[in-house]
Amino acid sequence: MALRRDSYYIAKIKEGDPGAYAVLVDKYKKMAFNVALQLMGNREDAEEVAQDAFLKAYQALDAYKGDAKFSTWVYRIIYNTAISRLRKKTLDVSSIDEDYSASVNIKSTQSALQELRSDERKKYLAKALQQMNAEDRTLLTLFYLEENSVDEVCEITGLSQSNVKVKLHRARKKLYSQLETILRGELKTIL
C-alpha cells in the first residue's frame, strides 16, 4: 500500500478515524525521536518528549490549518515540548556569544574529516554534537541532518530568519572546533 499525502490522513482523523493517526506517527516517529534526542541528550527523555509531542499534536490537530507542512508543524511541537522540559529540568544557561573562532581551523578540520570513512565521520560528528548545547545541536540537526530550510527552522523554533542564520553560523563554528579537538585527541592516541 502506497503512502498518501499527510493531508489525506489528517482529513480521515478529522472525520473520526483515529487509526489514521498511526500512519502519521509511523511516518514521523524516527524524525521526532532524532530531534528530541538532539535536544534532550538521552534516549529516555527523548522518547518521552516524542510521545508527549505526538499526543499534543493529536489533541491539537483541529488547530492545524495546513499553512505549513505537517512535518514542520510536528517539529515545532516537538521542539517546544523539549524546550519546556529542559527549562523545568535546569535553569543553567550558557552564553551563546562565546567566541570559539580563535582556535578554529575549519579548512584543516574539513580536510581531515574528508579522509575518514563515512561511518567514522558519523561517529565523530555524533560525538561532537553531543558535546554542544541543546540549541546548537538542534539547529544543526534540523538544518543539516533533517534538511529543513531556514524558513522551516524559523517556523519550528520561533526564531527570526536572521537569528537562525547567525545561530547556525555560530553553531557550525562550534561544531568545527569540537571536531578539531576530538580529531586532535584521536591523532595523539594513534601516534
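Rules used throughout
Residues numbered from 1 in each chain as written. Predicted model: local features only at pLDDT ≥ 70, side-chain atom pairs only at ≥ 80, totals over all residues. Heavy atoms only, no water. Axes fitted to C-alpha atoms, helices over the stretch in contact; angles between N-to-C directions. Helix = DSSP H or I, 4+ residues; strand = E, 2+ residues; numbered from the N terminus. Parallel < 35°, antiparallel > 145°, perpendicular 65-115°, else oblique. Left-handed = near helix turned anticlockwise from the far one by under 90°. Contact = heavy atoms within 4.5 Å. pLDDT = per-residue confidence, 0-100. Buried < 20%, exposed > 50% of the residue type's maximum accessible area, 1.4 Å probe, protein only. Arc of directions from axis to C-beta. Phe/Tyr/Trp six-rings, centres within 6.5 Å; stacked < 30°, edge-to-face > 60°. Lys NZ or Arg CZ within 6 Å of the ring centre and 35° of its normal. Core = buried A, V, L, I, M, F, W, Y, C linked by side-chain atoms within 4.5 Å. Salt bridge = Lys/Arg side-chain N within 4 Å of Asp/Glu carboxyl O.

K.L.:
When you look at the packing of helix α7 (residues 134–145) against helix α8 (residues 150–157) in this model, what are you seeing that I'm missing?
P.N.:
The description of two packed helices rests on the angle between their axes and on the distance between the axes. Put simply, α7 and α8 touch, their axes get as near as 10 Å, and they point 140° apart. Relative to α8, the element α7 lies oblique. Considering the relative orientation of α7 and α8, their crossing is right-handed. Contacts between α7 and α8 involve L139, L142 and F143 on the former and, on the latter, V150, V153, I156 and T157.

K.L.:
Help me understand the confidence of the model for the protein chain, please; the structure alone is not making it clear to me.
P.N.:
Do not read the fine detail of predicted coordinates wherever pLDDT is low. In this model, the protein chain carries an average pLDDT of 79, and 79% of its residues clear a pLDDT of 70 or more. Taken element by element, the protein chain is modelled with least confidence in helix α5 (residues 106–115), mean pLDDT 50, and with most confidence in helix α3 (residues 43–59), mean pLDDT 91. Low pLDDT, under 50, characterises residues 91–107; the predicted model gives this stretch 17 contacts beyond four residues in sequence or across chains.

K.L.:
What exactly am I supposed to notice about helix α1 (residues 6–14) here?
P.N.:
Along an α-helix, a turn takes 3.6 residues, which lines up residues three or four apart on a common side. Looking at α1, one finds that the buried residues are D6, Y9, I10 and I13. The arc that holds the buried residues of α1, viewed along the axis, is 100°, so those residues lie on one side. At the exit of α1 stands G16, carrying a positive phi of roughly 110°.

K.L.:
Please explain the packing of aromatic side chains as it appears in this structure.
P.N.:
For any pair of aromatic rings, the description consists of the separation of the ring centres together with the inter-plane angle of the planes. Here the structure, examined in full by the defined rule, presents 7 aromatic pairs. Here Y8 and Y9 contribute two aromatic rings whose centre-to-centre distance is 5.1 Å and whose plane-to-plane angle is 85°, an arrangement assigned as edge-to-face. Look at Y8 and you get partly exposed, because its relative accessible area is 32%. A ring pair is formed by Y21 and Y58, whose centres lie 4.9 Å apart and whose planes are at 55°; its orientation type is tilted. Taken as a pair, Y21 in helix α2 (residues 20–40) and Y58 in helix α3 lie far apart in primary sequence, 37 residues in all. The exposure class assigned to Y58 is partly exposed, which follows from its relative accessible area of 34%. Through pairs of rings, three or more aromatic residues link up here, namely Y28, Y64, F70 and W73. Geometry around Y8 places R4 over its ring, the cationic atom sitting 4.3 Å from the centre.

K.L.:
It is not clear to me how the nonpolar core should be interpreted in this structure. Could you clarify?
P.N.:
One broad trend across soluble globular proteins is that nonpolar side chains are buried collectively. Formed by 53 residues in total, the largest nonpolar core has its most connected members in L24, L39, F70, W73 and I78. For this core, the secondary-structure elements that each account for two or more residues are α1, α2, α3, α4 (70–89), α6 (118–130), α7, α8 and α9 (161–190). In terms of residues, this core owes the most to one element, α2, which gives 12 residues.

K.L.:
Help me understand the pattern of salt bridges, please; the structure alone is not making it clear to me.
P.N.:
If charged atoms from side chains of opposite charge come close, those side chains can pair. A complete count under the given rule lists 7 salt bridges for this structure. Linking K27 and D6 is a salt bridge whose minimum nitrogen-to-oxygen distance equals 2.7 Å. Residue K27 is found in helix α2, and its partner D6 is found in helix α1; the two are separated by 21 residues along the sequence. Relative accessible area serves as the criterion here: at 12%, D6 is assigned to the buried category. When the shortest N-O distance is used, the salt bridge between K167 and E135 registers 3.1 Å. Of the two residues, K167 is situated in helix α9 and E135 in helix α7; the sequence distance between them amounts to 32 residues. E135 carries the same exposure label as K167, and that label is buried.

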